[in-house]
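A closer look at the structure
Each chain, letter by letter, is given below.
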Amino acid sequence: MSAIENETVKNKKIGRKAAVAATVGTIIEWYDFFLYATASALIFPKLFFPTSDPYIGTLQSFGTFAVGFFARPVGAAIFGHYGDRIGRKTALVLTMFLMGISSLVIGLLPTYQSVGMWAPILLVLLRLIQGIGVGGEWGGSVLLSMEWGDKKRQALMGSWPQMGVSAGLLLASIMISIFMYISGDGFFIWGWRIPFILSVVLLIVGYVIRAKIPETPSFRKVQEQQKVSRMPVMDVLKNHPRMVLLAALVRLSENGPFYVYTVFIINFGMEMFKMDKAFFVNANTVGSLVMVFGIPFFGYLSDRIGIRRMYLIGVATTFAWAFAYVGLISTGIPLALFLATVLSMIPHSMQVGPQGAMLAHCFPPRLRYSGLSLGTQFGAIIAGGFAPLICMYLWHTLGTAYAISFYIAGAAVITFCATLLLRNYTETASLDKVEEKEESKEVLSV
C-alpha cells in the first residue's frame, strides 16, 4: 500500500472517530440543555416561582428558559473566535465543561422556600452559562465531523452531531422518567436533582473522547496558509452579514416549532386536559427515537437529491403539518397527543439532517466556526427561545390553539424564502473553488 493510500485510510479512521467524538459531546451538552427545558415545564414553576399563580409561574419559568437562548450568540461569538483562531477541538472541550459544571450546580441549587429570591436569580445565572456553552457547541461539533468526513457525504457527516441533539433529548427524557418512577412523591424534593448531578459523569466521558481527536484538515490548511483571522467574529460580520442573517432565518421553522412540540405541549396538555406529566415525557422519549434515526437518514438522502432541495421539502412539510398538529392536540385524546408529538419529529428531522452542511458552506473555512455559530444562534433566539412563551400567550389571549398553527406556518414561510436566497454551493460549483473565490474577495475587501 502506497503512502498516499495509507494516509487516506488513516484519515478515514480519524474521520469516523471525529464523528463519534462530535456526536458524543453533543449528546452530553444537549442532555444538559433538555433537562433544563423539561424541568422548566415540570418542576421550576413550583420550586423557584411558587408565589405566582400557575399561569404567571409558567411564564416566568419559560422566561428563564428563553434567557439561555439570549446567551447563545454570546457563546457563538466567544467560541467562534477561539474556534477560528486556535482550532475546533479546543473550543469544543471548553463548551463541554461549561455545560457540565453549570448543570451539576443546578442540581444542587436551593429552592425558593430555602433562600427566597436568590433561588430564581441563581437559576437564571446558570441558565445563562448553559446558553453560552450551547452557543459555542453546535457549530463546532458540526465542523469537527464534517471537516474530517468524506467530501461526498457532507450532509450525512454534518447530521451525526445533529443526531446527537435528539439523542440528548432522548437521554434527558429517559432519565427524568426513571427518577420520576424511583423517587415517586419525592420527585419534587430530590428526584429531579439526580439527572442534573449525573452530568458530571457524562462530562468526564466526553472529555476523554474529544481530547484524542486531532485538529480538522480544513483548519490545519488555514494555519499552514497563514490565513487565520485575528478577529474572526468582526470579519464575518463585516464581510458576510447577509449570510449570517439568512442562516438565522433558515432556522425559524426548524427550531421554533421543535420547542412547541417538546416543551409547550407539556403545559398545554397538563392545563387543558389535566394529563399526567409523565405521559408527555414518554412521548418526547419516543419522538427522540424517531429523530435519532430520522436525522442521519435525511442527511444521507440530502447527499443524494441535493442538500437545499431536501431542506425546502422539510420546510414545506412543516407548513402543512402546522394545522394537522393542532387538530390532533385539540382533541384531548391521549393517543392523538402522543402521535402528534412523535410524528412532529419527521418534518423536524427533514430539516435538521441537511442543515449543518447547508449552512457551513455559506462561510469560508477561516471564518466558518464564527459564521455558522453566530447565524444559527441568532436564529435560536428569535425562534426557539420565544416559542413556548409566544404560544402560551397566543393560546391564552386568543382562546384557540389554532393560533399556534399560524405561528408555525408563518415561521415556515419565512424560512422557505430565506433558504431560496442562500448560495447553493453544493450544486453550483466545486466546494473548494467556491471557497477559494470567497476568500479572495475577503482579502481584496480588507
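Predicted, not measured: the structure shown is a model, and the values here were computed from it. (Residues numbered from 1 in each chain as written. Predicted model: local features only at pLDDT ≥ 70, side-chain atom pairs only at ≥ 80, totals over all residues. Heavy atoms only, no water.)

Topic: the confidence of the model for the protein
Across the protein, the average pLDDT comes to 85, with 89% of residues at 70 or higher. By mean pLDDT, the top-scoring element of the protein is helix α16 (residues 307-329) (96), and the lowest-scoring one is helix α22 (residues 425-428) (41). When the criterion is pLDDT under 50, residues 425-432 qualifies, and its contacts beyond four places in sequence or with other chains add up to 14 contacts. Counted against residues more than four places away or in other chains, residues 442-446, with its pLDDT under 50, gives 7 contacts. (pLDDT = per-residue confidence, 0-100. Helix = DSSP H or I, 4+ residues; strand = E, 2+ residues; numbered from the N terminus. Contact = heavy atoms within 4.5 Å.)

Digging into the side chain of Ser 141
Relative to the helices and strands, Ser 141 resides in helix α6 (residues 118-148). Setting aside residues no more than four positions away along its own chain, Ser 141 makes contact with Ala 22, Thr 26, Leu 92, Pro 161 and Arg 210.

What about the packing of helix α4 (residues 88-108) against helix α10 (residues 199-210)?
In contact at an axis separation of 9 Å, α4 and α10 are set at 170° when each is read in the N-to-C sense. It follows from the interaxial angle that α4 and α10 lie roughly antiparallel. Here Lys 89, Leu 92, Val 93, Thr 95, Met 96, Phe 97, Gly 100, Ile 101, Ser 103 and Leu 104 of α4 lie close against α10, whose contacting residues are Ser 199, Val 200, Leu 203, Gly 206, Tyr 207 and Arg 210. Here the contact of α4 with α10 is built from residues that sort into 9 nonpolar, 5 polar and 2 charged. (Axes fitted to C-alpha atoms, helices over the stretch in contact; angles between N-to-C directions. Parallel < 35°, antiparallel > 145°, perpendicular 65-115°, else oblique. Nonpolar A, V, L, I, M, F, W, Y, C, P; charged D, E, K, R; others polar.)

Overview of the side chain of Ser 349
By secondary structure assignment, the location of Ser 349 is in helix α18 (residues 345-360). Those residues in contact with Ser 349, other than ones at most four positions away along the chain, are Met 291, Gly 294, Ile 295, Phe 298 and Pro 354.

Some words on the packing of α16 against α18
One way to put it is that α16 packs onto α18 with a least axis distance of 8 Å and a crossing angle of 150°. When the interaxial angle is binned, α16 and α18 end up roughly antiparallel. Between α16 and α18 lies a crossing of left-handed hand. The segment α16 lies against α18, with Ile 307, Arg 308, Met 310, Tyr 311, Ile 313, Gly 314, Val 315, Thr 317, Thr 318 and Trp 321 engaging Pro 347, Met 350, Gln 351, Pro 354, Gln 355, Ala 357 and Met 358. (Left-handed = near helix turned anticlockwise from the far one by under 90°.)

Here we look at the pattern of salt bridges
Overall, the coordinates contain 5 salt bridges when judged by the stated rule. In this structure, Arg 88 and Glu 147 form a salt bridge, with 2.9 Å as the shortest nitrogen-oxygen distance. With Arg 88 in helix α4 and Glu 147 in helix α6, this residue pair connects regions lying 59 residues apart in the sequence. When its relative accessible area of 0% is taken as the criterion, Arg 88 is described as buried. (Salt bridge = Lys/Arg side-chain N within 4 Å of Asp/Glu carboxyl O. Buried < 20%, exposed > 50% of the residue type's maximum accessible area, 1.4 Å probe, protein only.)

Here we look at α6
Since the α-helix turns once every 3.6 residues, residues separated by three or four places project in the same direction. Here α6 contains 31 residues, and its C-alpha end-to-end distance of 45 Å stays within 8% of the 45 Å for a straight helix at 1.5 Å per residue. In the structure, α6 departs most strongly from a straight axis at Glu 137, where the bend amounts to approximately 30°. (Expected span 1.5 Å × (residues − 1). Bend = angle between axes of the 7 residues up to and from the residue.)

What to know about unusual backbone geometry
With a phi angle near 55°, Gln 226 is a residue other than glycine that sits in the positive phi range. Position of Gln 226 among the secondary structure elements: in the loop between α11 (217-224) and α12 (232-239). Positive phi is not limited to glycine here, since Lys 274 has a value of about 55°. Along the chain, Lys 274 falls in the loop between α14 (252-273) and α15 (277-305). On the accessibility criterion, Lys 274 (68% relative accessible area) is exposed.

A few points about a nonpolar patch on the surface
On the surface, a nonpolar cluster with roughly 500 Å² of combined accessible area is contributed by Phe 97, Ile 101, Val 105, Ile 204, Tyr 207 and Val 208. For the nonpolar patch, the elements supplying multiple residues, two or more each, are α4 and α10. With respect to the element layout, Val 105 can be found in helix α4. (Patch = residues over 30% accessible without salt bridge, like charges linked within 9 Å, V, L, I, M, F, W, Y side chains within 5 Å. Areas by Shrake-Rupley, 256 points an atom, 1.4 Å probe, with all protein chains shown as cover.)

A word on the packing of aromatic side chains
How two aromatic rings sit relative to each other is set out by the distance from centre to centre and by the angle between their planes. If you walk through the whole model with that rule in mind, you get 19 aromatic pairs. Residues Phe 187 and Phe 188 carry aromatic rings whose centres are separated by 5.7 Å and whose planes lie at 80° to one another, so their mutual orientation is edge-to-face. On the accessibility criterion, Phe 187 (3% relative accessible area) is buried. Here the aromatic rings of Trp 321 and Tyr 325 are separated by 6.2 Å at their centres, their planes lie at 50°, and the arrangement is tilted. Here Tyr 325 and Trp 321 lie together in helix α16, a separation of 4 residues that amounts to about one turn. An aromatic cluster is present here, built from Tyr 36, Phe 44, Phe 48, Trp 192 and Phe 196 joined pairwise through their rings. The ring centre of Trp 138 lies 5.4 Å from the NZ or CZ of Arg 251, which sits over that ring. (Phe/Tyr/Trp six-rings, centres within 6.5 Å; stacked < 30°, edge-to-face > 60°. Lys NZ or Arg CZ within 6 Å of the ring centre and 35° of its normal.)

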